[in-house]
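Fold and geometry: a report
Given next are the chains, with one letter for each unit.
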Amino acid sequence: MKKLYYLSLLSLAFIGMQAQTETLLGSNFKVGGFGGPFFQFSSVDGNFAYYSGGGGGVILDGKFFVGGFGMGLNTQHRYDIPYLGIPTEHELEMGYGGLWLGYIYRPTKVVHLNFSLPIGGGSASFDRVGDGFSADITDAIFVINPNLGMELNLTKWMKFTANAGYLLATGLDNDYIASDALNSPNLTLGFKFGYFAE
């Protein structure tokens, strides 16, 4: 009987100590994850441009996220570039990706704000049309696209996003396209699927 009594006291003391323990992240801190496709409308050299891609990451307490992304240019942008001394039609091929950081304001509301910062690198190449798209010129680029927008909670596991931003790309270094030709305001639409830790 005494053993049972002491065991009960020991258990209550242990529970009491657990209840008083404080942690840096708090007892309700949650970790989730998400991923999904994105569609971006922008411009290249003053002409309409459409990119597609996707991204995903880890979401902390429903508010902060860190992950990765990738985007590729889908529209045709052609330039006459000399090849063996003859002006030859080339098409711009571009892709980039990297780190994706973000903050979500009041994520449990049906409509809420978000800020995100995709930052990374890629390449812009000019490929000969009709020659198996052989790259004659390739520039490494660095890209940053700060943006602000809204999210719509469609379900507990799916959100629709719409963000406006400005794409800044450096690294274009050739005689056939302006060094700032990729810089442009943009609109990005997308979907996120996952557990959002809200």
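Up top is the structure.
Report on the accompanying structure.

**Some points on the overall build of the chain**
In terms of helices and strands, the chain carries one helix and ten strands. N-terminal to C-terminal, the α/β element order of the chain is α-β-β-β-β-β-β-β-β-β-β. When each of the 198 residues of the chain is scored for burial, the buried share is 37%.

**A few points about a nonpolar patch on the surface**
Together, V31, V58, L60, F64, V66, L99, L101, Y103, Y105, L113, F115 and L148 make up an exposed nonpolar region whose accessible area comes to about 1000 Å². When residues in the nonpolar patch are grouped by element, the largest group, four residues, is from strand 5 (residues 86-105).

**Thoughts on the pairing of strand 9 (residues 158-170)**
Here strand 7 (residues 135-144) pairs with strand 9 via three bridges, running antiparallel. Pairing of I144 across the sheet is with L168, part of strand 9. Inspection of the sheet shows strand 8 (residues 147-155) paired to strand 9 by eight bridges, in the antiparallel sense. What sits directly across from L152, in strand 9, is F160.

**Considerations on the pattern of salt bridges**
Scanning all chains against the criterion turns up four salt bridges. Across the pair E89 and R78 runs a salt bridge, and its minimum N-O distance is 3.4 Å. Of the two residues, E89 sits in strand 5 while R78 sits in strand 4 (residues 78-83), which places them eleven residues apart along the sequence. Taking relative accessible area as the criterion, E89 reaches 37% and is therefore assigned partly exposed. The salt bridge partner of K159 is E198, with a shortest N-O separation of 2.6 Å.

**Quick word on the environment of M94**
As for its position among the elements, M94 is in strand 5. Here M94 is in contact with Y51, G72, L73, S123, A124, I141 and L182, once residues within four sequence places are set aside.

**What about the packing of aromatic side chains?**
Given two aromatic rings, their pairing is described by the distance between the two centres and the angle made by the two planes. For the structure on display, the rule yields 14 aromatic pairs. Both rings, one in W157 and one in F193, keep their centres 6.4 Å apart while their planes meet at 25°; by these two values the pair is stacked. Of this pair, W157 sits in the loop between strand 8 and strand 9 while F193 sits in strand 10 (residues 184-195); the two residues are 36 residues apart in sequence, bridging distant segments of the chain. Put simply, the rings of F34, F38, F65, W100 and F196 pair up and form one aromatic cluster. Lying across the ring of Y83, R128 places its NZ or CZ 3.8 Å from the centre.

About the criteria used
- Residues numbered from 1 in each chain as written.
- Predicted model: local features only at pLDDT ≥ 70, side-chain atom pairs only at ≥ 80, totals over all residues.
- Heavy atoms only, no water.
- Helix = DSSP H or I, 4+ residues; strand = E, 2+ residues; numbered from the N terminus.
- Buried < 20%, exposed > 50% of the residue type's maximum accessible area, 1.4 Å probe, protein only.
- Patch = residues over 30% accessible without salt bridge, like charges linked within 9 Å, V, L, I, M, F, W, Y side chains within 5 Å.
- Areas by Shrake-Rupley, 256 points an atom, 1.4 Å probe, with all protein chains shown as cover.
- Salt bridge = Lys/Arg side-chain N within 4 Å of Asp/Glu carboxyl O.
- Pairing = 2+ DSSP bridges.
- Contact = heavy atoms within 4.5 Å.
- Phe/Tyr/Trp six-rings, centres within 6.5 Å; stacked < 30°, edge-to-face > 60°.
- Lys NZ or Arg CZ within 6 Å of the ring centre and 35° of its normal.

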